[in-house]
Number of protein chains: 2
Amino acid sequence: MYLMGIDGGGSTVRVMIITPDLTVRAEYIGPAVNPSAIGRDEAARRIQDAMRENIRQGGLAPEQIAGVGVGVAGASNRYAWAVDWLRTTVHAVTPNANIVPSSDFEIALVGAHGQRLGILLLAGTGSLAYGVNGAGDSALVGGWGYLLGDEGSGYWLGMRALQVAARMADGRGPDTALYAAVMTALKLDDPLELIPWLYQQPARVQDVARLAPLVLDSATQGDKVARSLVDTAAMELTLAVRTIRHRLDLHGHQPMFAGSLLSTANPLSEQVCQLLDMPSLPTPRYTPVMGGALLARAAQ
Amino acid sequence: MYLMGIDGGGSTVRVMIITPDLTVRAEYIGPAVNPSAIGRDEAARRIQDAMRENIRQGGLAPEQIAGVGVGVAGASNRYAWAVDWLRTTVHAVTPNANIVPSSDFEIALVGAHGQRLGILLLAGTGSLAYGVNGAGDSALVGGWGYLLGDEGSGYWLGMRALQVAARMADGRGPDTALYAAVMTALKLDDPLELIPWLYQQPARVQDVARLAPLVLDSATQGDKVARSLVDTAAMELTLAVRTIRHRLDLHGHQPMFAGSLLSTANPLSEQVCQLLDMPSLPTPRYTPVMGGALLARAAQ
């Protein structure tokens, strides 16, 4: 019997085939499949291409795949349309498989904990906390996207860096090393150039998130404004975990971390650990794509 | 001698012809001319059409216009391209005129004060404070647009209303009457529907700003979360005025108000008055389009 996991993240799709004892038979990486970025039809085509290529590399026939767990960014199973869309997309390639429509953050949780139980705290371009308790109930906090939420995320930190730079340029806000850091990183001479830079279409969500390391670096070097931004981000992320614990009665459960900002040791990840009484950065057990395959195994 | 003012605001362009004693000869209102929304060529065409129509209504020949003061949203004279563009656009219709390229906020200041001196505090969809001192030096604080700034503006208040609704839905933030107010105003049943509503293209800047009155109403009715948003907005707007005073040595100068949020009596405009020790809402002397004409007169 073979099981497949599909992890449609922000920049790639990963597909993996395993046996029930978690031996990896084949793994394939293809281009990003977020349906809100490229449309549902193109996203479905790319997922199916990646599945076929992965099956071919494994030397298998599509009919041999008994189960598929799939999570795709922008197509969380919170949405009825996404459940149907994920099922239809996967079924077209693997007609014999028991399909488990999930979400990118759920397969990350399952991968990190090795089971569908616990808390995941994610801070990359966006941010969210997700939890599943022993009764199988789940809860999501955050994940509202760059305008409405994403507190403590890379976009949030990057946008705050731009805002404190603008406030310093106005004479409204305190001096901060972030002003020069931002101008240098974006190769701009005049802060007014931030305006045409920022308001281009499509929205510069990734480009803004890429400024987050400037905040972490400036905080490390003692800039008070940057330090204060990191403090607020850490409090927001901690609040998200505490809200999940409260909603799911998961008191005492420590989260696994995901996303570029929490996967490395830096002032933000360290402060979140401190606020949550965690001695060190937690080490995820498996990858998200393995999490998808584990969901498929559990559903057999 | 005839003088013309042109006020290219967010939703209309107003053109006015006056005599030097400020008698209005003709006034015309046409469609919006913001070049970053409709492109520079189309914006220039609309401005020229409005000028020609205004001159026709005044029973004049274009050659009789001796001076034009022009301010257009999205084409502030802070930008070299905009100065050239405003001059070229206007010159094509009124070849004999002395042209004064200005900005939408400067003609508003000149109109409100009756002269190019003083402070203007604007809070509509966006926000800014602008000042001109006795030496003719000017300074702008804010005006960075909806992503980077606009603290205390309609967009800012509307987005904060959406954010506190999302935080309440998550169980992360306190209960607030703004949750039900937002859901009712947007005719949504499930807070998750906020996500597709908000992230449509083009960005829903005006639609978000239209939620600001919900915050003012909820604050009036005693909602603590709404009250706290109004408090923060009032502090941001007050800080902008204080920064202008400091930068231009305009201590003691009270601002004139502009924009939908400050042009009426409401919890925000009242609190800004209180923080700035103003006994009541200030009454602008003239309109922005008259401010443009006044700039043209002063340059004769």
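To be clear, the structure that these remarks concern was listed above.
Residues numbered from 1 in each chain as written. Chains lettered and ligands numbered in written order. Predicted model: local features only at pLDDT ≥ 70, side-chain atom pairs only at ≥ 80, totals over all residues. Heavy atoms only, no water.

1. Overview of the overall build of chain A
(1) Moving on: Along the backbone of chain A there are twelve helices and nine strands.
(2) Moving on: Across its three principal axes, chain A shows a C-alpha extent of roughly 65 × 45 × 30 Å.
(3) Moving on: Counting only contacts in chain A whose residues sit at least 6 apart along the sequence, the fraction spanning at least 24 positions is 64%.
(4) Moving on: Surface exposure of chain A reaches about 12,200 Å², of which carbon and sulfur atoms provide 50%. (Helix = DSSP H or I, 4+ residues; strand = E, 2+ residues; numbered from the N terminus. Contact = heavy atoms within 4.5 Å. Areas by Shrake-Rupley, 256 points an atom, 1.4 Å probe, with all protein chains shown as cover.)

2. Some points on the relation of the copies chain B and chain A
(1) Moving on: For the pair chain B and chain A, the relating rotation is 180°, the translation along its axis is 0.0 Å, and the fit reaches an RMSD of 0.0 Å. The symmetry that links the two subunits is that of a two-fold axis. Distance from the rotation axis, computed per C-alpha, reaches its smallest value in chain B at Leu147(B): 4.2 Å.
(2) Moving on: The residues that chain B uses at the interface reappear at the interface of chain A in 100% of cases, marking a shared surface. (Least-squares fit on C-alpha atoms with pLDDT ≥ 70 in both.)

3. Notes on the interface of chain B and chain A
(1) Moving on: In this complex, chain B contributes 34 residues to the contact, which on the side of chain A involves 34 residues.
(2) Moving on: When the two sides are added together, the surface that chain B and chain A hide from each other amounts to roughly 3,200 Å², 59% of it contributed by carbon and sulfur.
(3) Moving on: Taken together, chain B and chain A are joined by eight salt bridges.
(4) Moving on: For Arg167(A), the salt bridge identified is with Glu151(B), shortest N-O distance 3.1 Å.
(5) Moving on: Summed over the shared surface of chain B and chain A, the number is 24 residue pairs in polar contact (both at pLDDT 80 or more).
(6) Moving on: For the side of chain B that touches chain A, the elements supplying multiple residues, two or more each, are strand E8 (138-142), helix H5 (154-170), helix H7 (194-198) and helix H10 (224-248) of chain B.
(7) Moving on: No other element matches the eight residues that H5(B) contributes to the side of chain B that touches chain A. (Buried area = accessible area lost by both parts, 1.4 Å probe. Salt bridge = Lys/Arg side-chain N within 4 Å of Asp/Glu carboxyl O. Polar contact = N/O pair within 3.5 Å; in protein donor to acceptor, adjacent residues only side chain to side chain.)

4. Topic: the packing of helix H10 (residues 224-248) of chain A against H5(B)
(1) Moving on: Relative orientation of the contacting elements H10(A) and H5(B) amounts to 40°, with a least axis distance of 10 Å. Contacts between H10(A) and H5(B) involve Glu236(A), Leu239(A), Thr243(A) and Arg247(A) from the former and Arg167(B), Ala169(B) and Asp170(B) from the latter.
(2) Moving on: Here the contact of H10(A) with H5(B) is composed, by residue class, of two nonpolar, one polar and four charged. (Axes fitted to C-alpha atoms, helices over the stretch in contact; angles between N-to-C directions. Nonpolar A, V, L, I, M, F, W, Y, C, P; charged D, E, K, R; others polar.)

5. So, the sheet that holds strand E8 (residues 138-142) of chain A
Residues and elements named next belong to chain A.
(1) Moving on: Within the open sheet, the four strands sit side by side as E8-E7-E6-E9. Their pairing is mixed. This sheet does not close on itself; its edge strands, each paired only once, are E8 and strand E9 (256-258). If you compare each strand with its neighbour and ignore which way they point, the axes differ by 15° on average.
(2) Moving on: Pairing of strand E7 (residues 127-132) with E8, which is carried by five bridges, proceeds in the antiparallel orientation. (Pairing = 2+ DSSP bridges.)

6. Here we look at the packing of H5(B) against helix H9 (residues 212-220) of chain B
The relative placement of two packed helices is expressed as an angle between their axes plus a distance between the axes.
Residue and element names in this part refer to chain B.
(1) Moving on: Running from N to C, H5 and H9 point in directions that differ by 70°, and their axes come no closer than 7 Å. What the angle tells us is that H5 and H9 run roughly perpendicular. Contact with H5, carried on its side by Gly 154, Leu 157, Gly 158 and Ala 161, involves Ala 212, Val 215 and Leu 216 of H9 and no other residues of that element.
(2) Moving on: Per-class residue counts for the contact of H5 with H9 are five nonpolar, two polar and no charged. (Parallel < 35°, antiparallel > 145°, perpendicular 65-115°, else oblique.)

7. Notes on the sheet that holds strand E5 (residues 98-101) of chain B
Residues and elements named next belong to chain B.
(1) Moving on: Strand order in this open sheet of five strands is E3-E2-E1-E4-E5, and the pairing throughout is mixed. Each end of this open sheet is capped by a strand with a single partner; those strands are strand E3 (24-31) and E5. The sheet shows a mean angle of 15° between the axes of neighbouring strands, taken without regard to direction.
(2) Moving on: Seen against the sheet, helix H3 (residues 80-91) touches strand E1 (2-8), strand E4 (65-72) and E5 and runs at an angle of roughly 145° to E5.
(3) Moving on: Here helix H12 (residues 288-298) sits on the sheet in contact with E1, strand E2 (12-18), E3, E4 and E5, set at roughly 135° to E1.

8. Describing the pattern of salt bridges
(1) Moving on: Taken as a whole, this structure holds 28 salt bridges over all chains when the rule is applied.
(2) Moving on: For the salt bridge of Asp49(B) with Arg52(B), the shortest nitrogen-to-oxygen distance reads 3.8 Å. With a gap of three residues between them, Asp49(B) and Arg52(B) both fall in helix H2 (residues 40-57), about one helical turn apart.
(3) Moving on: With a relative accessible area of 48%, Asp49(B) lands in the partly exposed category.
(4) Moving on: On the basis of relative accessible area, Arg52(B) is assigned to the partly exposed category, the value being 44%.
(5) Moving on: In this structure, a network of salt bridges that share partners links the residues Glu151(A), Glu236(A), Arg167(B), Asp170(B) and Arg172(B). (Buried < 20%, exposed > 50% of the residue type's maximum accessible area, 1.4 Å probe, protein only.)

9. Some points on the nonpolar core
(1) Moving on: Among the nonpolar cores identified, the biggest contains 169 residues, and Leu162(A) and Leu162(B) are the most heavily contacted of them.
(2) Moving on: Leave out the neighbours within four places in its chain, and Leu162(A) touches Val182(A), Leu186(A), Leu194(A), Trp197(A), Leu198(A), Val208(A), Leu211(A) and Leu148(B). (Core = buried A, V, L, I, M, F, W, Y, C linked by side-chain atoms within 4.5 Å.)

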